[in-house]
Amino acid sequence: MASFLYSLLFFFFFFSPFLTCSLASSPPPSPSSLIQSTCSLTSNYDFCVATLQSDPHSLKANDVRSLSTIAVKMASATAKSTSKYASAQAKNATEAAAARSGFRTCAEKYGNAGEALRSALDSLAGENYDYAYVHVSAAQEYASACGRLFQRSSGVGYPDAMAEREADLKRLCGTALDIISQLG
């Protein structure tokens, strides 16, 4: 009996690393139940899940507030990169001075959106969810204002790259708003 037990222990300890290695190469996990349940209450479930899953911190989130913070941080990063992009376009634009003015206006509006989103993060941290909602709404409106003001001030068409960035930020803000609405 003892030799059988030793053989069994040897088998277990010898082959367990191989079993662990084969399990480690399994496909990526499906969305966590928290992400699924949170995103099921948003206006765009698939976008919400894909967005949250793209941030590794979301898999460690333990509540809806954590997920809302992640969504706002993602929107903030988009606002910041769009502001930088618009600033660069204003400096490098070969079009009329009016187009450069339009890009400068957009850089300012996206800078304002970034500030609003940073304020939203502060509000989330302080559990002031109504204020967080207002700040994210303001960021979404700054993105919309960019397109309107660009066309009005420059007299030229709104560049496709800016329209895509506007749509991205508005979608991210919409998801963040849907998640914040679940907080209380």
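A few points on the structure. From a predicted model like this one, the values you see are computed outputs, not experimental measurements.

Section: the side chain of Lys109
Now for step 1: For Lys109, the position within the fold is in helix 5 (residues 97-125).
Now for step 2: For Lys109, the contacting residues outside a window of four places in its chain are Tyr142, Cys146 and Leu149.

Re the side chain of Asp55
Now for step 1: Here Asp55 shows up in the loop between helix 3 (45-53) and helix 4 (64-92).
Now for step 2: Comment: no salt bridge for buried Asp55; closest opposite-charge side chain is Lys73, at 7.4 Å.
Now for step 3: Only 2.7 Å separates the side chain of Asp55 from the backbone nitrogen of His57, close enough to count as a polar contact.
Now for step 4: In this structure, Asp55 is in contact with Ile70 and Met74, ignoring residues within four places of it in sequence.

Description of the nonpolar core
Now for step 1: Among the nonpolar cores identified, the biggest contains 44 residues, and Leu52, Val72, Leu117, Val136 and Leu169 are the most heavily contacted of them.
Now for step 2: Of all the secondary structure elements, the ones that give two or more residues to this core are helix 2 (33-39), helix 3, helix 4, helix 5, helix 6 (129-154) and helix 7 (160-180).
Now for step 3: Considering each element in turn, this core owes the most residues, ten residues, to helix 5.
Now for step 4: Those residues in contact with Leu117 that sit more than four places away from it in its chain are Val72, Ala75, Ser76, Ala79, Val136, Ala139, Leu169 and Cys173.

Quick notes on the state of the cysteines
Now for step 1: Tallied over the entire structure, the rule returns two disulfides.
Now for step 2: Here Cys39 is linked by a disulfide to Cys48, with a sulfur-sulfur distance of 2.0 Å. Negative torsions about the S-S bond denote left-handed disulfides, and the value of about -65° found for Cys39 with Cys48 makes this one left-handed. Each of the two residues, Cys39 as well as Cys48, counts as buried.
Now for step 3: Here Cys106 engages in a disulfide with Cys146; their sulfurs sit 1.9 Å apart. On the S-S bond that ties Cys106 to Cys146, the torsion sits near 95°, and the link is right-handed. Of this pair, Cys106 sits in helix 5 while Cys146 sits in helix 6; the two residues are 40 residues apart in sequence, bridging distant segments of the chain.

A closer look at the environment of Ser123
Now for step 1: Mapped onto the secondary structure, Ser123 falls in helix 5.
Now for step 2: Measuring from C-alpha to C-alpha, the distance between Ser123 and His135 comes to 8.7 Å, with twelve residues separating the pair along the chain.
Now for step 3: Apart from the residues lying within four places of it in its own chain, the contact partners of Ser123 are Asn128, Tyr131, Ala132 and His135.

Here's the deal with the environment of Ser153
Now for step 1: Structurally, Ser153 can be placed in helix 6.
Now for step 2: Taking C-alpha positions, Ser153 is 6.6 Å from Ala98, a pair spaced 55 residues apart along the chain.

Comments concerning the pattern of salt bridges
Now for step 1: What the rule picks out here adds up to four salt bridges.
Now for step 2: Residue Arg148 is joined to Glu141 by a salt bridge in which the shortest nitrogen-to-oxygen separation is 2.6 Å.
Now for step 3: Exposure remark for Arg148: the relative accessible area of 42% places this residue in the partly exposed category.
Now for step 4: The class for Glu141 is partly exposed, based on a relative accessible area of 40%.
Now for step 5: Across the salt bridge formed by Asp168 and Arg171, the nearest N and O atoms sit 2.7 Å from each other. Taken together, the residues span about one helical turn, with Asp168 and Arg171 both in helix 7 at a distance of three residues.
Now for step 6: Given the relative accessible area of 34%, Asp168 is considered partly exposed.

The rules behind these values
Residues numbered from 1 in each chain as written. Predicted model: local features only at pLDDT ≥ 70, side-chain atom pairs only at ≥ 80, totals over all residues. Heavy atoms only, no water. Helix = DSSP H or I, 4+ residues; strand = E, 2+ residues; numbered from the N terminus. Contact = heavy atoms within 4.5 Å. Buried < 20%, exposed > 50% of the residue type's maximum accessible area, 1.4 Å probe, protein only. Lys, Arg positive; Asp, Glu negative; His and termini not counted. Salt bridge = Lys/Arg side-chain N within 4 Å of Asp/Glu carboxyl O. Polar contact = N/O pair within 3.5 Å; in protein donor to acceptor, adjacent residues only side chain to side chain. Core = buried A, V, L, I, M, F, W, Y, C linked by side-chain atoms within 4.5 Å. Disulfide = S-S within 2.5 Å.

Note that every value here comes from positions in space, so none of it alone points to a role or purpose.
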